[in-house]
Amino acid sequence: MSKPVYVTLPPTVHRDLLVNNSKCSMTQMQVEKNTNSPTHSHPHFQIIYLIEGSCDFLLDGEVIPMAAGQAVYIESHVQHGFCENTENLRFLEFFVPGREDF
């Protein structure tokens, strides 16, 4: 299997690395309003828990409206990304296994 290609974060996105080891990674992300992320995939399972804001999230071609307090589970190698956020967002990301690029 080829090495994954990771998305470069724009200046409107800020990532704080909270936990990182070979078993799991956890980050807190802050995304300014009107910042869309390109769809991407990676070999890690991922959970996103939205703390603040609301947005539309694209998961495997399906648009999922999300609001603070909701979470989404992403299987490995599934295309995903934020496709619309008209508010500032703050969320936690969990990855299993840990991200080797952090």
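Higher on the page you've got the structure.
Residues numbered from 1 in each chain as written. Predicted model: local features only at pLDDT ≥ 70, side-chain atom pairs only at ≥ 80, totals over all residues. Heavy atoms only, no water.

A. A look at the sheet that holds strand β3 (residues 45-52). Read from one edge to the other, the open sheet built from five strands follows the order β1-β2-β8-β3-β6, with strand pairing classed as antiparallel. Strands at the two margins of the open sheet, each flanked by one partner only, are β1 (13-20) and β6 (71-74). Put simply, the sheet's adjacent strands are angled 20° from each other on average, direction ignored. Alignment of β3 against strand β8 (residues 89-96), held across seven bridges, turns out to be antiparallel. If you follow Phe45 over to β8, its bridge partner there is Val96. (Pairing = 2+ DSSP bridges. Helix = DSSP H or I, 4+ residues; strand = E, 2+ residues; numbered from the N terminus. Axes fitted to C-alpha atoms, helices over the stretch in contact; angles between N-to-C directions.)

B. Spotlight on the sheet that holds strand β5 (residues 62-67). Strand order in the open sheet formed by three strands is β5-β4-β7, with antiparallel pairing between adjacent strands. The sheet is open, and its two borders are formed by β5 and β7 (80-84), each paired with just one other strand. When the angles between neighbouring strand axes are averaged without regard to direction, this sheet yields 35°. Two elements, strand β4 (residues 54-59) and β5, share six bridges in a ladder whose sense is antiparallel. By the bridge assignment, Leu58 is partnered in β5 with Val63.

C. Quick peek at the packing of aromatic side chains. Here the structure, examined in full by the defined rule, presents four aromatic pairs. Ring centres 5.1 Å apart and planes at 80° place the aromatic pair Phe57 and Phe82 in the edge-to-face group. Of this pair, Phe57 sits in strand β4 while Phe82 sits in strand β7, placing them 25 residues apart in sequence. The residues Phe57 and Phe82 share a single accessibility class, namely buried. Between Phe95 and Phe102, the ring centres sit 5.9 Å apart and the planes meet at 75°, which makes this aromatic pair edge-to-face. Residue class for Phe95 comes out buried when judged on its relative accessible area of 1%. We classify Phe102 as partly exposed; its relative accessible area is 27%. One Lys or Arg, Arg99, reaches over the ring of Phe95 and ends 4.7 Å from the middle of that ring. (Phe/Tyr/Trp six-rings, centres within 6.5 Å; stacked < 30°, edge-to-face > 60°. Buried < 20%, exposed > 50% of the residue type's maximum accessible area, 1.4 Å probe, protein only. Lys NZ or Arg CZ within 6 Å of the ring centre and 35° of its normal.)

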